[in-house]
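# Examination of the molecular architecture
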Amino acid sequence: AELVTFYENGAIHRLFPLFGQISGFWSEEEEKKLAKNIIIDTPMVHVENKISCICFYISGGIKSVSLYSGETVTVVNNEVEYKARIGISFYESGQIKSLEPSIHNVVKTPIGVIFAYNNDPMGIHGDDNSLKFNEDGSIKKVVTVASYIEIKDKNGKITEVKAMKKPSMLELDKYVIVPISIEFCEEKIEVTDSDKCKKCYAYADYNISSAYNEGYQFENTCTDCSACSGCS
């Protein structure tokens, strides 16, 4: 390792196999060429990739694995297969805590099927990712651009929350779609819209369901729906 950080008691906190010095003269691609594949076996996933950082719990268990850009890992959680990019985080028990989907993954939630995908993830490390799981493997939180939420109150009034296009912060005259996130709690859901406004909806007070946003154009999708049962 080129850099190791520690907890106050001396236990290893983070390990950087290749501590990059990316600048205007040295790109991420050049850095990645120097990295070598590292094998990590956990109870839930086998990783054999170019890894930028490994984070540990104070007990010594792996807390997260961060991948170089362009690297993906196949993860199977609760009998569902995911392709993960950027990183994967773990509970101290070794169960999957979160991952960053590299494609639109179909996930089954308490309110129906949702296409899990964040089109603009932070991408710095794998500690905290957009698709989160409870320790039993069920979905805890999902970020989506291709699905929306329909909320009907007891009077029949319907509210829809879907990803909206917003002006780009980087390019003038360009709009980008900003995802929404849904967190599933025991008695309610917490929805954060494209304006970063969070609202809570109790299952007892609302009829809540998910639906596919027909106005969204997939950038990467399954190629053979006939061979996939994910949406059924």
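Anything mentioned here points back to the structure above.
## Regarding the pairing of strand β18 (residues 188–192)
Across the five residues of β18, four count as buried, placing the element largely inside the fold. Where strand β17 (residues 180–184) meets β18, four bridges bridge the pair, whose relative direction is antiparallel. Within the sheet, the bridge partner assigned to Glu183 lies in β18 and is Glu190. Hairpin connection between β17 and β18: a loop of three residues separates the two successive antiparallel strands. Bridge analysis of β18 against strand β19 (residues 198–202) gives five bridges, and the strand direction is antiparallel. Across the sheet, residue Ile189 finds its bridge partner in β19, namely Tyr201. Counting the residues that bridge the hairpin from β18 to β19 gives five residues, and of these Lys196 lies at a positive phi of roughly 65 degrees.

## Quick notes on the sheet that holds strand β13 (residues 147–152)
Strand order in the open sheet formed by three strands is β14-β13-β20, with antiparallel pairing between adjacent strands. Single-partner strands in this sheet number two, and they are β14 (158–161) and β20 (207–212). Here the average twist between neighbouring strands, direction ignored, is 25 degrees. By the bridge criterion, six bridges tie β13 to β20 in an arrangement that is antiparallel. Directly across from Tyr148, in β20, lies its bridge partner Ala211.

## A word on the pattern of salt bridges
Evaluated as defined, the whole model comprises nine salt bridges. For the salt bridge of Asp127 with Arg14, the shortest nitrogen-to-oxygen distance reads 2.5 Å. Of this pair, Asp127 sits in the loop between β10 (112–116) and β11 (131–133) while Arg14 sits in strand β2 (residues 12–16), and the two are 113 residues apart along the sequence. By relative accessible area, which is 22% here, Asp127 ends up partly exposed. In this structure, Glu190 engages Lys188 in a salt bridge whose closest nitrogen and oxygen atoms are separated by 3.7 Å. On the accessibility criterion, Glu190 (15% relative accessible area) is buried. For Lys188, a relative accessible area of 31% corresponds to the partly exposed category.

## A look at the nonpolar core
Within the largest apolar cluster, 34 residues are counted, with the highest numbers of intra-cluster contacts made by Ile88, Leu99, Leu131, Val142, Ile149, Ile182 and Ile189. Apart from residues lying up to four places away in sequence, Leu99 is in contact with Val75, Tyr82, Ala84, Gly87, Ile88, Asn129, Ser130, Leu131 and Phe133.

## Overview of the environment of Ala202
As for its placement among the helices and strands, Ala202 is situated in strand β19. Separated by 179 residues in sequence, Ala202 and Ser23 place their C-alpha atoms 48 Å apart.

## Remarks on the packing of aromatic side chains
Summed over all chains, the structure comprises four aromatic pairs. Centroid distance Tyr82 to Phe133: 5.5 Å. Interplanar angle 70 degrees. Geometry classified as edge-to-face. Placement of the pair is Tyr82 in strand β7 (residues 80–90) and Phe133 in strand β11, with a sequence separation of 51 residues. One exposure class covers both Tyr82 and Phe133, and it is buried. Note on Tyr201 and Tyr206: the rings are 5.2 Å apart at their centroids and 85 degrees apart in plane angle, and the pair reads as edge-to-face. Owing to a relative accessible area of 9%, Tyr201 belongs among the buried residues under this scheme. Owing to a relative accessible area of 30%, Tyr206 belongs among the partly exposed residues under this scheme. If you follow Lys162 out to its NZ or CZ, it ends over the ring of Tyr148, 4.5 Å from the centre.

## Observations regarding the environment of Val76
By the element assignment, Val76 lies in strand β6 (residues 73–77). Judged by relative accessible area, Val76 falls into the partly exposed class, the value being 42%. Each C-alpha atom, one on Val76 and one on Glu135, is 14 Å from the other, the two residues being 59 residues apart in sequence. Contact partners of Val76, with chain neighbours within four places excluded, come to Met44 and Glu81.

## A word on the side chain of Asn129
Structurally, Asn129 is set in the loop between β10 and β11. A distance of 2.9 Å separates a polar atom in the side chain of Asn129 from a polar atom in the side chain of Ser98. If near-sequence neighbours (up to four positions away) are discounted, Asn129 is found in contact with Ile86, Gly87, Ile88, Ser89, Ser98, Leu99 and Glu100.

Reading the values: rules and limits
- Residues numbered from 1 in each chain as written.
- Predicted model: local features only at pLDDT ≥ 70, side-chain atom pairs only at ≥ 80, totals over all residues.
- Heavy atoms only, no water.
- Buried < 20%, exposed > 50% of the residue type's maximum accessible area, 1.4 Å probe, protein only.
- Helix = DSSP H or I, 4+ residues; strand = E, 2+ residues; numbered from the N terminus.
- Pairing = 2+ DSSP bridges.
- Axes fitted to C-alpha atoms, helices over the stretch in contact; angles between N-to-C directions.
- Salt bridge = Lys/Arg side-chain N within 4 Å of Asp/Glu carboxyl O.
- Core = buried A, V, L, I, M, F, W, Y, C linked by side-chain atoms within 4.5 Å.
- Contact = heavy atoms within 4.5 Å.
- Phe/Tyr/Trp six-rings, centres within 6.5 Å; stacked < 30°, edge-to-face > 60°.
- Lys NZ or Arg CZ within 6 Å of the ring centre and 35° of its normal.
- Polar contact = N/O pair within 3.5 Å; in protein donor to acceptor, adjacent residues only side chain to side chain.

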